[in-house]
Amino acid sequence: MDQEDRIALFLDYENLALGARDNLGGMTFDFRPIADALAERGRVVVRRAYADWSYFDEDRRMLTRSHVELIEMPQRMGASRKNAADIKMAVDAMELAFEREYISTFVLCTGDSDFTPLVHKLRGLNKRVIGVGVEKSTSALLPPACDEFLYYDRLEGVEVPAARARSGRPARAADADHRRAEPAREPAPAVHVEVEPQPVRDSDTLAVLVAQTVAGLQGSSGGEVTASRLKRTLLRKDPTFSESDYGFRAFGELLRHLADRNVIELVAGPAKGDPEVGLPEHGDQEAAFALLRSVVQDVAAGSAAAGEVGVALSGLKNQVRRVRPDFSEKKLGYRTFLQFCKAAATSGAVQLRWSPDADDYLLTA
C-alpha cells in the first residue's frame, strides 16, 4: 500500500458536464468511468467537485453516491460563477500540495487552458498531474502541460450516442405544432444508420514511435529499458497516448504485437510483468546499411558521366524507397535519415562528408 500513488481529484464540473452535453450528442456526464480509470493508477484520497449545484440537481446525487465532496459556488449578481470556481479550485489544489506531502498525483478534470499555470506549478512541486477532459471542448494548450491526459469520451464505459440530426438540437415548439397540423402521411421506411467507429491509429506510426523511443532511451542512459519506463516516456512525449487507440487492451499486449513484428525484442525484466524492451540485434541494420551502399553505388554510376563526386543526401531516401518501398530509418531506431546515414558511415558501409559547394552531405561507397 505504501507504494501506491495517493491521488487528489478536482472536478471543474460545469466544464465537464456542459462539454459532454454539447459535444457528445447531449449525453449526461457519468463520473464512474473516471473513477474506474483512476482506480488503476492509485488510491484516490480526495474527491472534490466545484459548481453551482442548483443547476445540476441530478448530478449532485450521482456524485454524492461516489463520495465526491461538493463545493458550492453559487452564482452571484454581477459576478462570474466560472471564474470564482476556477480560482477556488486552484487555491484548494495548491493548499493540498503544501499541506499533504503524501499526495503524489493531482487529477484536474477540466478542458480549460486557464488551469495550465496550476499544472506547471504542481509539477514544479514534484507532483504528477493527470488531466481529464472532453476532447472537443479541451484546449490544445492543456494536454501537453500534463504528465498524462485522458479524454473522457475515450474512457472505458463511456458510450457516446450517435450524432443527432441538426447537431442534436430538439425541434422547436413551432415546428412541432406545424407538423401536427399537416395531414397524416405514410410512415417513411426505417433506415438503419451505422455509427462509424473511432478510427484506429496507424500501426506503422506506432512501430516508428516505439522503436524511436527505445533507441533514444538506450542512447541517453545506456541502461535497461523496462516496459513501465517505456510507457512513462511515451506519455511524456504525448500525454494523450493510449494503447487502446491502436486496438490493444493493455500495454503488454501492444509490446507483444510489436515483438511479433520484429520491431522490438522482449526479455524477462527485474520485476515480474515488467519485461525489458530492446531493439532487434539481428541483421536488419546491417541489411539496411548494405541497401544504402548499393543504392549509393547505383546512383553514383548513373551520374558518373556528369563528373559528380558523391551522391547528395537530398533525394537519396526516395531512391532507397524505390528499391525497398517499406524502408524506414525510424523502424531501426533512428530519428532522421541523416542519423541513419551517419551510422552507416561509422560502420564503414559508406563515406559521408559535407560539401560547401553542394550545400549538402555527399555519400560515396
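This structure is a prediction, so every number in the text was calculated from the model and none was measured.

Trainee: Explain the overall build of the protein here, please?
Mentor: Along the protein, the regular secondary structure elements total 12 helices and 11 strands. For the protein, buried positions account for 40% of its 365 residues. Partitioning the intrachain contacts of the protein with sequence separation of at least 6 by distance along the chain shows that 60% fall at a separation of at least 24. Working note: accessible area of the protein is about 21100 Å², and carbon and sulfur atoms make up 49% of it.

Trainee: Would you explain helix α2 (residues 32-39) in this entry?
Mentor: Within the span of α2, buried status applies to Pro33, Ile34, Ala35, Ala37 and Leu38. As for α2, its buried residues are in contact with β1 (6-12), α1 (13-23), β2 (43-51), β4 (105-109), β5 (128-133) and β6 (148-151).

Trainee: Would you mind showing me how to read unusual backbone geometry here?
Mentor: Both trends apply: most residues other than glycine have a negative phi, and most peptide bonds are in trans. The phi dihedral of histidine 67 is positive, around 65°, even though this residue is not glycine. Relative to the elements of secondary structure, histidine 67 occurs in the loop between α3 (57-65) and β3 (69-72). The residue asparagine 262 is not glycine, and still its phi comes out positive at about 70°.

Trainee: Just to check I follow, could you spell out the side chain of threonine 213 for this structure?
Mentor: Here threonine 213 is to be found in helix α7 (residues 203-221). Within the structure, the side chain of threonine 213 is placed 2.7 Å from the backbone oxygen of leucine 209, a separation counted as a polar contact.

Trainee: I would appreciate a short explanation of the environment of isoleucine 34 in the present structure.
Mentor: When you line up the elements, isoleucine 34 lands in helix α2. On a C-alpha basis, the gap between isoleucine 34 and valine 158 in space is 9.4 Å, while along the polypeptide they are 124 residues apart. When neighbours within four sequence positions are excluded, isoleucine 34 is seen to be in contact with Leu16, Phe29, Cys109, Val132, Tyr152 and Leu155.

Trainee: Whenever I open this one, α1 confuses me. Can you help?
Mentor: Because each turn of an α-helix spans 3.6 residues, side chains separated by three or four positions end up pointing in the same direction. Turning to α1, its buried residues are Tyr13, Glu14, Leu16, Ala17, Gly19 and Ala20. Looking one or two residues beyond α1, the residue adopting positive phi is glycine 25, at roughly 65°.

Trainee: Please explain the packing of helix α10 (residues 284-303) against helix α12 (residues 337-347) as it appears in this structure.
Mentor: The packing of two helices is summarised by the inter-axis angle and the distance between the axes. Relative to each other, α10 and α12 sit at 95°, their axes nearing to 10 Å. Comparing their axes, α12 and α10 come out roughly perpendicular. Residues Ala288, Phe289 and Leu292 of α10 touch α12, and the partners they reach there are Phe337, Phe340, Cys341, Ala343, Ala344 and Ser347. In the contact of α10 with α12, the residues fall into 8 nonpolar, 1 polar and no charged.

Trainee: Just checking my understanding: could you explain the sheet that holds strand β11 (residues 360-364) for this structure?
Mentor: Sheet strands line up and pair through hydrogen bonds in the backbone, either parallel or antiparallel. Here 3 strands make up an open sheet; going across it, the order is β9-β11-β10 and the pairing antiparallel. Each edge of the open sheet is held by one strand with a lone partner, namely β9 (311-312) and β10 (351-355). The sheet contacts of α12 involve β10 and β11, and relative to β10 the element is tilted by about 125°.

Trainee: Honestly, the nonpolar core in this entry has me stumped. Any pointers?
Mentor: Considering soluble globular proteins, one finds that nonpolar side chains tend to be buried as a cluster. In this structure, Leu11, Tyr13, Phe29, Phe31, Ile34 and Tyr152 are the most contacted members of the largest nonpolar core, which totals 31 residues. Residue assignment for this core shows that the elements contributing at least two residues are β1, α1, α2, β2, α3, β4 and β5. Look past the residues within four positions of leucine 11 in its chain and what remains in contact with it is Leu16, Phe29, Phe31, Arg48, Ala49, Tyr50, Val68, Met89 and Cys109.

Trainee: Looking at this structure, how should I read the sheet that holds β1?
Mentor: Reading across the sheet, the 6 strands line up as β3-β2-β1-β4-β5-β6 and stay open at both edges, with parallel pairing between neighbours. Lying at the two open borders of the sheet, with one neighbouring strand each, are β3 and β6. Between one strand and the next, the sheet's axes are offset by a mean angle of 20°, whatever the strand orientation.

Trainee: What exactly am I supposed to notice about the pattern of salt bridges here?
Mentor: It is possible for side chains bearing opposite charge to pair when their charged atoms get close. Per the counting criterion, the structure on display carries 15 salt bridges. Residues arginine 48 and glutamate 69 are paired through a salt bridge, measuring 3.4 Å at the closest nitrogen-oxygen approach. With arginine 48 in strand β2 and glutamate 69 in strand β3, this pair connects stretches of sequence that are 21 residues apart. Residues glutamate 243 and lysine 231 are paired through a salt bridge, measuring 3.2 Å at the closest nitrogen-oxygen approach. Of this pair, glutamate 243 sits in the loop between α8 (227-237) and α9 (251-260) while lysine 231 sits in helix α8, placing them 12 residues apart in sequence. What makes glutamate 243 buried here is its relative accessible area of 12%.

Trainee: Honestly, the pairing of β1 in this entry has me stumped. Any pointers?
Mentor: In the case of a regular strand, side chains alternate between the two sheet surfaces. The element β1 is extensively covered by neighbouring structure, given that 7 of its 7 residues are classed as buried. Side-chain alternation along β1 places Arg6, Ala8, Phe10 and Asp12 on one buried face and Ile7, Leu9 and Leu11 on a second face that is also buried. With 7 bridges connecting them, β1 and β2 associate as parallel partners. Counted as the bridge partner of alanine 8 is valine 46 from β2. Judged from the 5 bridges that link them, β1 and β4 form a sheet pairing that is parallel.

Definitions and cut-offs
Throughout this description, residue numbers start from 1 for each chain and increase along the sequence as written. Owing to the predicted nature of the model, reporting of local features is limited to residues with pLDDT of at least 70; listing and counting of side-chain atom pairs is limited to 80 or more, with chain, interface and lining totals taken over all residues. Hydrogens and waters are ignored; side-chain quantities use all the structure's heavy atoms. Counting from the N terminus, the helices are the DSSP runs of H or I reaching at least four residues and the strands are the DSSP runs of E reaching at least two. Throughout, exposure labels follow a simple rule: accessible area from a 1.4 Å probe, protein chains only, divided by the maximum for the residue type, with under 20% read as buried, over 50% as exposed, and the rest as partly exposed. The contact definition used throughout considers only heavy atoms, calling two residues in contact when any of these lie within 4.5 Å. Accessibility throughout is a Shrake-Rupley quantity obtained with a 1.4 Å probe, and a residue counts as covered only by protein chains that appear here. Here a polar contact means two N or O atoms within 3.5 Å. Within protein one must be a hydrogen donor candidate and the other an acceptor candidate, and residues neighboring in sequence count only if both atoms are side-chain atoms. Here the axes come from fitting lines to C-alpha atoms, over the contacting stretch only for helices, and the angles between their N-to-C directions go from 0 to 180 degrees. Oblique is the label for any angle not under 35 degrees, not over 145, and not in the 65 to 115 range, which are roughly parallel, roughly antiparallel and roughly perpendicular in turn. Three classes are used: nonpolar for Ala, Val, Leu, Ile, Met, Phe, Trp, Tyr, Cys and Pro, charged for Asp, Glu, Lys and Arg, and polar for all others, with Gly counted as polar. At least two bridges found by DSSP between two strands is the condition for calling them paired. We define a nonpolar core as any set of buried Ala, Val, Leu, Ile, Met, Phe, Trp, Tyr and Cys residues linked to one another through side-chain atoms lying within 4.5 Å. The salt bridge definition used is simple: a Lys or Arg side-chain nitrogen within 4 Å of an Asp or Glu carboxyl oxygen.

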